[in-house]
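# Reading the structure
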Amino acid sequence: MSLTANKGEWSELYVLYSLFADHKIPAADNNLHQTSRFYRFLKIFREDDPRRPLVYDLENDNEVIIHGGGQYKNISTIGLSAKTKRIFDKIKEATDATFSVWEAEALMHEFLLTKIKANSSEKSDLVATIKDDIVSETDPYGFSIKSQIGGASTLLNASSSGTNFIYKISDFYADKDQINAIDTRSKVRDRLKAILNTGARLDFVGMTSNVFKENLRTVDSVLPNIIAQMLMNYYLGNGATMDNL
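Before going into details, it helps to say that this report is about the structure given with it. Throughout, residues of each chain are indexed from 1 in the direction in which the sequence is written. Per-residue local features are limited, in this predicted model, to residues with pLDDT of at least 70; the limit for side-chain atom pairs, both in listing and counting, is 80 or more; totals at the level of whole chains, interfaces and linings are taken over all residues. Side-chain measures were taken over the full set of non-hydrogen atoms in the model, leaving aside hydrogen atoms and water.

### Some thoughts on a nonpolar patch on the surface
What makes a patch is a set of residues exposed beyond 30% relative accessible area and free of salt bridges, joined within 9 Å when like-charged and within 5 Å when nonpolar (Val, Leu, Ile, Met, Phe, Trp, Tyr). Values of accessible area rely on a 1.4 Å probe in the Shrake-Rupley scheme; residue burial ignores everything except the protein chains shown. By definition, a salt bridge exists where a carboxyl oxygen of Asp or Glu is found within 4 Å of a side-chain nitrogen of Lys or Arg. Nonpolar side chains collect at one region of the surface, where V188, Y234 and Y235 lie side by side and expose about 250 Å² of accessible area between them. Overall, the relative accessible area of 31% leaves Y235 in the partly exposed class. We call a residue buried when its accessible area falls under 20% of the maximum for its residue type, exposed when it is over 50%, and partly exposed in between, using a 1.4 Å probe and counting protein chains only.

### Focus: empty space enclosed by the protein
Think of a 1 Å grid over the protein atoms and nothing else: a 1.4 Å probe that fits but is trapped marks a cavity, an open set flanked by protein within 12 Å on at least five of seven lines marks a pocket, and residues with an atom within 4 Å of a point count as lining. Grid points are joined across faces, edges and corners, and a volume is the space filled by probe spheres set on the points. All told, the structure shown has one cavity of 30 Å³ or more when counted by the stated rule. Computed from the structure, the largest cavity encloses a volume of approximately 40 Å³. E12, L13, L16, R46, I116, D125, L126 and I145 together form the lining of the largest cavity. Broken down by element, the residue count for the lining of the largest cavity peaks at three residues, all from helix α1 (residues 7-22). A class-by-class count of the residues in the lining of the largest cavity yields five nonpolar, no polar and three charged. Strands here are runs of E lasting at least two residues and helices are runs of H or I lasting at least four, both read from the DSSP assignment and numbered beginning at the N terminus. For this classification, the nonpolar set comprises Ala, Val, Leu, Ile, Met, Phe, Trp, Tyr, Cys and Pro, the charged set comprises Asp, Glu, Lys and Arg, and every other residue, Gly included, is treated as polar.

### Re the pairing of strand β2 (residues 34-46)
Across a regular strand the side chains alternate sides, sitting on one face of the sheet and then on the other. DSSP calls a pair of strands paired once it identifies at least 2 bridges connecting them. Judged from the four bridges that link them, strand β1 (residues 24-28) and β2 form a sheet pairing that is antiparallel. Note that in β2 the partner of I25 across the bridge is Y39. Taking the residues that link successive antiparallel strands as the turn, the β1-β2 hairpin has five residues, and the phi of L32 there is positive, at about 65 degrees. Across five bridges, β2 lies against strand β6 (residues 126-131) in antiparallel orientation. In the strand pairing of β6, R40 is matched with K131.

### Notes on the layout of surface pockets
Any empty space left between the atoms is revealed when a probe the size of a water molecule rolls over them. Looking at the second largest pocket, its volume works out to about 1,200 Å³. Together, 30 residues line the second largest pocket, and V15, I25, P26, A28 and K146 are the ones closest to its centre. Here the residues of the lining of the second largest pocket are counted per class, giving 18 nonpolar, nine polar and three charged.

### Thoughts on the side chain of K7
Here K7 shows up in helix α1. Nitrogen and oxygen atoms within 3.5 Å of one another constitute a polar contact, given that in protein one can donate a hydrogen and the other can accept it, and given that sequence-neighbouring residues count only through two side-chain atoms. In this structure the side chain of K7 is engaged in a polar contact, spanning 3.3 Å, whose partner is the backbone oxygen of K92. Every residue in contact with K7, bar those within four places of it in the chain, is listed here: I91, K92, A94, A97, F99, S147, I149 and G150. Contact between two residues is taken to exist if any of their heavy atoms lie within 4.5 Å; hydrogens are not considered.

### Some remarks on the pattern of salt bridges
What the rule picks out here adds up to ten salt bridges. D57 is paired through a salt bridge with K43; the nearest N and O atoms lie 4.0 Å apart. Of the two residues, D57 sits in strand β3 (residues 54-57) while K43 sits in strand β2, which places them 14 residues apart along the sequence. The shortest N-O distance in the salt bridge between R217 and E214 comes to 3.7 Å. Placement of the pair is R217 and E214 together in helix α6 (residues 210-219), with a separation of three residues, close to one helical turn.

The structure is reproduced here in structure tokens:
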């Protein structure tokens, strides 16, 4: 039975195959334009199965040496670049939400892969040691893979507990059960408008995750407050794009 995945998930596997083929990836500038600088990948670490962590050694040109978990395999990568190009074209041409890419699936067996995506317990999509003209990382370094093939990629994945913003409702004297009974398609927006129409006020008071809050504050000390106001503007129907909000 063929494996199916979406464009973003197949893109992760495409990046992995591209690194197997080329052993390097170009660096980009602040506008994501390719530069003349490259990152050379020395080793890639993959753990599809916790009992079988694998290391892909890329230090020799035109080959990948796989070892770990009782496995050892030497694979020639001559011709792999052409295969990865065909895989990219298949991903780009796909129109279904999830689909199969048999060319990518065929290579999974060759490279001892059992899953399209990296283990979900890992925060990084790709873990590797790298070097370039400036940096030589002897410790594994985590990378997040963002695919633009199917459209703009998300910069932040919302979660049920880690990304919640907390607001306090003040001066609310209406029937809360009546507000909670609103069950329209846009019920969050409609409930918020109904609350404010009673003359009540919403004030941002904090976030459920202190780690997330501190990460935002490393960008700007008041970024949590800025995003909290943007969320309010969005749910009040005052805009949907970043510029408008």
